Amino acid sequence: MPTIAYEITWDLGAGFVAMPGALGAEVELQMTEGQTGLGWGNAAVPRATIRATAATVDAAWSYRPVKIRVSVDGGAYQDLFTGPLLEQDDDGISLRYIAGGMDVIIQRAPVRTPVRRRRPIATLTTALTNEDPDSGSPGWANEVFWRAGGRPWDQRGSYPLSSTVLFYYICDGSSVAPPAYCVDGDNAWESLLLLAEAGAGQIYQGADGVMHFVNPLSFGESAASPPHLTDSLTTVPTGTPYERLSRHATVEGVISTAHAPFKARGVQVMQQVYEDRTAYDVLPSDYRDFELAMQWPIATHGSVTVEASTAQGVPTTVTPSIITTSGMRRVIRVTNPSSTVGLIVHRIAAEGEPVSVITEGTASFTGSSVGPFPAELRLPSNDAVQTYADARRWSRMAVRFFNTARPVYTATDLPYSPLLLPGAYALLTSARRSLSSTPVRITRVQIERSGAKITSLSCVPLTGLPRLSDFFIIGTTYADSDTRKLGY
Amino acid sequence: MSVLSTYQGRPEFPAGVPLEVTGGFDVLQANTRAVDEASLLGKDALCAHAYILEGNRENPHSYGQWSFQYFPGLTTLTWAGYNTMSASVTERIRFKAVTDPVSAPGGVVLHEALLTAGLQTITVLSSMSGLGWASGQVIEIHVELYATDGASPSFIDDENWGRYETIDFYVSPLSALIADAYPGVPTYTTGPDQAKLEQHAGALDWLARRIGLVPRPLFQSVAMGMTLYHFDDYDGDAPIDNQTWAGGFTRGALDRLTALIRFQCNTNVAEDIRLFVNGSLAATQSMTAGQQGRWDPVVNISAHGSTTPIRLEVRTRTTVAGEPLRGSRVSISHVRLYRASTTPSALPTAPEPEASLTWSTAKTRLNSLATIATTVYNRILGDSETWDRARLYRRNYGYDEPAKSFFETRHIPVVWNRVGARLVVRGKGVRLGYGGAVWTLNEPKYPDGTFNLQNAIEENLIDATGFQTRIVYLGGLKGLGLGTAYNTRGDVRYAAEHLL
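(A) Just the overall build of chain A, in detail. Within chain A, the secondary structure is distributed over 4 helices and 31 strands. Once the C-alpha set of chain A is aligned to its principal axes, its extents read approximately 95 × 60 × 45 Å. Looking at chain A as a whole, 53% of its 488 residues are labelled buried. Within chain A, contacts between residues at least 6 apart in sequence are counted, and of these 71% link residues at least 24 apart. Carbon and sulfur atoms form 49% of the exposed surface of chain A, whose accessible area is close to 20,600 Å².

(B) Just the environment of A:Ser326, in detail. All names here are of chain A. Relative to the helices and strands, Ser326 is located in the loop between β23 (321-325) and β24 (329-335). For Ser326, a relative accessible area of 6% translates into the label buried. Along the sequence, Ser326 and Arg119 sit 207 residues apart, while their C-alpha atoms lie 16 Å from each other. Setting aside anything within four residues of it in sequence, one finds Ser326 in contact with Arg112, Thr113, Pro114, Asp184 and His301.

(C) Layout of the pattern of salt bridges. If you walk through the whole model with that rule in mind, you get 45 salt bridges over all chains. A:Arg96 serves as the salt-bridge partner of A:Asp89, at 2.6 Å between the closest nitrogen and oxygen. Using a relative accessible area of 34% as the deciding quantity, one classes A:Asp89 as partly exposed. Accessibility expressed as a relative area gives 27% for A:Arg96, which makes it partly exposed. Note that A:Arg400 is salt-bridged to B:Glu354, the shortest N-O span being 2.6 Å. With one member in each of two chains, A:Arg400 in helix α4 (residues 388-402) and B:Glu354 in the loop between β19 (329-338) and β20 (356-358) form a pair that bridges those chains. Residue classification places B:Glu354 among the buried positions, given a relative accessible area of 16%. Where salt bridges share partners, they join A:Arg112, A:Asp184, A:Asp186, A:Glu291 and A:Arg329 into one cluster.

(D) The arrangement of the confidence of the model for chain B in detail. Residues and elements named next belong to chain B. Averaged over all residues, the pLDDT of chain B equals 84, while 82% of them reach at least 70. A low-confidence stretch, residues 228-232 (pLDDT under 50), is modelled with 14 contacts involving residues beyond four sequence positions or located in other chains. Among the prediction metrics, the complex's ipTM stands at 0.80, with pTM recorded as 0.83.

(E) Expanded view of empty space enclosed by the protein. Taken as a whole and assessed by the stated rule, the structure comprises 6 cavities of 30 Å³ or more. The volume enclosed by the largest cavity comes to roughly 280 Å³. Contributing to the lining of the largest cavity are 24 residues, with B:Lys43, B:Asp44, B:Arg216, B:Pro217 and B:Arg391 lying nearest its centre. With 3 residues, the top contributor of residues to the lining of the largest cavity is strand β10 (residues 215-217) of chain B. Considered class by class, the residues forming the lining of the largest cavity number 15 nonpolar, 2 polar and 7 charged. What the second largest cavity holds in volume is close to 130 Å³. Lining the second largest cavity are 16 residues, with A:Ser175, A:Gly199, A:Arg393, A:Met397 and B:Glu20 positioned closest to its centre. The biggest single contributor to the lining of the second largest cavity is α4(A), with 4 residues. Split by residue class, the lining of the second largest cavity holds 9 nonpolar, 4 polar and 3 charged.

(F) The nonpolar core, seen in detail. Counting residues in each nonpolar core, the largest one holds 193 residues, and the members touching the most others are A:Phe145, B:Leu77, B:Ile93, B:Ile141, B:Phe169, B:Trp245 and B:Leu423. Setting aside chain neighbours within four positions, we find B:Leu77 in contact with B:Leu110, B:Ile122, B:Thr123, B:Val124, B:Leu125, B:Met128, B:Ile141, B:Phe169, B:Tyr170, B:Val171 and B:Leu392.

(G) Looking closely at the state of the cysteines. Taken as a whole, this structure holds 0 disulfides over all chains when the rule is applied. With no disulfide partner, A:Cys171 has as its closest neighbouring cysteine sulfur the one in A:Cys182, 19 Å distant.

(H) View of the packing of helix α1 (residues 21-40) of chain B against helix α2 (residues 194-212) of chain B. All names here are of chain B. Closest axis-to-axis distance for the α1/α2 pair is 10 Å, and the angle between their directions is 30 degrees. As far as their axial angle goes, α2 and α1 are roughly parallel. Once α1 is placed against α2, the crossing between them reads as left-handed. Judged by residue contacts, Leu28, Asn31, Thr32, Val35, Ala38 and Ser39 of α1 engage Leu197, His200, Ala201, Leu204, Leu207, Ala208 and Ile211 from α2. In the contact of α1 with α2, the residues fall into 9 nonpolar, 4 polar and no charged.

(I) Broad picture of the interface of chain A and chain B. Listed as interface residues are 40 residues of chain A and, on the opposing side, 39 residues of chain B. Surface buried jointly by chain A and chain B totals about 3,500 Å² across both partners, of which 58% is contributed by carbon and sulfur atoms. In this assembly, chain A and chain B are joined by 6 salt bridges. A salt bridge links A:Arg118 to B:Glu12, with the shortest nitrogen-to-oxygen separation between them at 3.5 Å. Remark: the boundary between chain A and chain B carries 20 residue pairs in polar contact (both at pLDDT 80 or more). Those elements that provide at least two residues to the side of chain A that touches chain B are β17 (257-267), β25 (343-366), α4 and β31 (483-485) of chain A. Here the residues of the side of chain A that touches chain B are counted per class, giving 17 nonpolar, 13 polar and 10 charged. Where β31(A) meets β20(B), 3 bridges bridge the pair, whose relative direction is antiparallel. Of the residues in β20(B), the one forming a bridge with A:Arg484 is B:Leu357.

(J) Layout of the side chain of A:Gln386. Residue and element names in this part refer to chain A. Position of Gln386 among the secondary structure elements: in the loop between β26 (376-378) and α4. The buried category is assigned to Gln386, whose relative accessible area is 3%. Among the polar contacts made by the side chain of Gln386, one reaches the main-chain carbonyl oxygen of Asp383 at a distance of 3.0 Å. When residues no more than four places from it in sequence are discounted, the contact partners of Gln386 are Pro178, Pro179, Ala180, Tyr181, Phe262, Lys263, Ala264 and Arg265.

(K) Expanded view of the sheet that holds β23(A). All names here are of chain A. One open sheet accounts for 3 strands, arranged β20-β24-β23; its pairing is antiparallel. Strands with a single pairing partner mark the edges of an open sheet, and in this sheet they are β20 (287-293) and β23. Taken pair by pair, the neighbouring strands of this sheet meet at an average axis angle of 20 degrees, ignoring direction. Taken together, the 7 bridges between β20 and β24 define a ladder with antiparallel strand orientation. Within β24, the position partnered with Arg288 by the bridge is Val334.

(L) Focus on unusual backbone geometry. Geometrically, the link from B:Ser172 to B:Pro173 is a cis peptide bond, its omega value of -5 degrees lying close to zero. Along the polypeptide, B:Pro173 turns up in the loop between β9 (164-172) and α2. Its identity is not glycine, yet A:Ser225 carries a phi of approximately 45 degrees, on the positive side. Following the sequence through the fold, A:Ser225 ends up in the loop between β13 (211-214) and β14 (228-230). A positive phi angle, close to 55 degrees, is found at B:Asn278, a residue other than glycine. If you trace the backbone, B:Asn278 turns up in the loop between β14 (271-277) and β15 (280-287).

Cut-offs applied
- Residues numbered from 1 in each chain as written.
- Chains lettered and ligands numbered in written order.
- Predicted model: local features only at pLDDT ≥ 70, side-chain atom pairs only at ≥ 80, totals over all residues.
- Heavy atoms only, no water.
- Helix = DSSP H or I, 4+ residues; strand = E, 2+ residues; numbered from the N terminus.
- Buried < 20%, exposed > 50% of the residue type's maximum accessible area, 1.4 Å probe, protein only.
- Contact = heavy atoms within 4.5 Å.
- Areas by Shrake-Rupley, 256 points an atom, 1.4 Å probe, with all protein chains shown as cover.
- Salt bridge = Lys/Arg side-chain N within 4 Å of Asp/Glu carboxyl O.
- pLDDT = per-residue confidence, 0-100.
- 1 Å grid on protein atoms, 1.4 Å probe; cavity = no way out; pocket = protein on both sides within 12 Å on 5 of 7 lines; lining within 4 Å.
- Points joined across faces, edges and corners; volume = space filled by probe spheres on them.
- Nonpolar A, V, L, I, M, F, W, Y, C, P; charged D, E, K, R; others polar.
- Core = buried A, V, L, I, M, F, W, Y, C linked by side-chain atoms within 4.5 Å.
- Disulfide = S-S within 2.5 Å.
- Axes fitted to C-alpha atoms, helices over the stretch in contact; angles between N-to-C directions.
- Parallel < 35°, antiparallel > 145°, perpendicular 65-115°, else oblique.
- Left-handed = near helix turned anticlockwise from the far one by under 90°.
- Buried area = accessible area lost by both parts, 1.4 Å probe.
- Polar contact = N/O pair within 3.5 Å; in protein donor to acceptor, adjacent residues only side chain to side chain.
- Pairing = 2+ DSSP bridges.

What follows is the structure, encoded as structure tokens:
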């Protein structure tokens, strides 16, 4: 067994420093849903339990970021976990902290955007892309990350962590670009998962706390020097040996046909999109804010009309000020100009160009039969799937991804390796199961409190899964004779 | 006419993802086909009116009510007409803009001019700025004639009873409504370059937006219109000519004219339907007593370089003076201009999803699509009469209630075969009907020409409480596929399809 050393630090506002009295940690990293870990819209988020002496009590512990790093056999420390502290248990003798992933930070951020046209679900982040949604054209997932306090990992030099820069993110590109879409949610995490579902992608958090939007075609891609899980160091001398390898297979989730719904959107002409005839009073020299929630996303907002009268019944012209505007709502402020007489607002109306559903339908694709019964998947309705083409590609990809039964292999009692993280590409060898360097994707890792070993690790074979390298990739140079697929 | 492919929206080509077939290459291919086919499509002749001069004898006298959708950038409103008025009276033509038919139905006078006999072209407006019109607003243009000498309410007297035809009426330039320049198309070389794909998609999107700017006002068809209005006076010594429909065209690059006419001859003698182009008889269809049929003449109009009047007449022949005759029925579905050659460009082979091919093949196909886009661009630029002018919508006939009632019960205001993606419609109590049409004569035993129409599918587009403007995305109406006939009814003040 290797020798493991932990470094547990936290940031109380002046950078990461050692957590006093920290005794050890237990970390679990896994995909949130799905048997195979390949599901769209899935997320991999970590949870960590940290034990410390009572001396570690700090009144300002909540949401403080904590970082757990590991050194194997005296080597350099490597990230194992980064995330905010969420719970604290103090029994008078020791402390127990529970830390979560960045999803906890993200889910507390409301994100409301304007309607944007043909914006991809996600765009590839680089050191040069303008990720600021107010000045650039980042993808939807990029924008939600940004507005929830994230900044691109490739540009971290320009955005040091602070009270406003809370985490970093990396996005793959997505082919899906809804013609007219907006995000309007109090929970940015849910918005992200819906976007990931529409883009057939996944969200996961790396050990360094960096959030990833992953294109599913990258699941099957090989990686340089991947970790190798093996039943025998004789077979793979550089591998990570496990004690036992169990296998679980199910018919659940294996499909032959996928149905993908879509709802096409169209922009209507300028018209009244909001009206409220409730009476509201505004005290003298006071103001009142009104949130105008729209029935449909508004592509272009028009004028807002406020009809009011004084408390004595004299009609009064009121010009509201616009506080905020997003696709689904406007917040206006009505100020009573009089210091002596109350104001009664009796009608508020707003104009705009609504984005309405103009048609809807379902695209279907059928692949190979998987058993004696029709095995169908009805993909959920998703507001970001707005064209027949996207639905058609969605259904075809679903069949290609889920037409093959993929067993879940669970290895137990492995020596700890910082390379064994959810989402990582690895190889699996088992003489008993006739597996020899089979490509797998790790979907769950449970690390023992001592840190010396991984108690349990699940992975899924990737054989036959479509890969990015099978296709002509935009931005890549090819020779005339190079043969690839154009895509789905 | 071919049935158009629909434009599928501009695809995005983010870096680091497959070029894609579904949603990628095939959208470029579908969009190329859509703009190619759309740019080959003809247009309808301008619909002036049915019969000789609608309405009754008043001063001023309605010369038709028209409308268009205003957008900033449009500057010029042009009218062209053809008149056979007598030189013995002085008549003026007046153009009024009505922006609010409820609070200000009288409108505002935009321009007036002396009416002259023969062909006449008037620039009604050379600037539309400062008129207070909002982008997208539907502007009604009411055209009136009035006599200045004596202001007699019966100035259109027998000596002046003749042809008063609007043969072109349009706003321009549509090209000013696109702020961005045509980006051109790329040449693919060493891979699916993101900038080139975006440029290519942008070029097709520009073409679609440019084509989509041109409104196609729905046609004021004549449904079961009666001929024979003057048989009372017939003395049996000459044929009777009944003008049935009039209009005009400026053909641009289009070189053929056709019409779709259905007839039912109810007289006890033979009749002829006669199509005149620029005053010359261009085609004739004989009707024998009791005959029902369809006539779709094709006329070569390539010799007509300028704005040209056209009209349809029904000539009745009988030698029995005073014989009581019954009017025949003539339905006119469209009068349309088109190209003699409308063969679309040959598209490259469409790839199947997940099919493998070499980059050389993929590149050749992409470059082929780009070449077609250039052809479409040049085709549009080379025909400003078709692509740079927005013809006005001809409101249903009649301008006072009795006249409207008369025409609306004998004419379907608008019957149209869908070619476009969206319909812009303004009005009040507007319904759209399609599918299984049932026509019911109001007086089956002694038909008076009035009827009711009920379609299998009826959509309420605008309720009767007030005037509204709506965009109807026609693809959202189940069963209303491209080429399907539909009609609009109610107080329709504007109705025009846009191809893309």
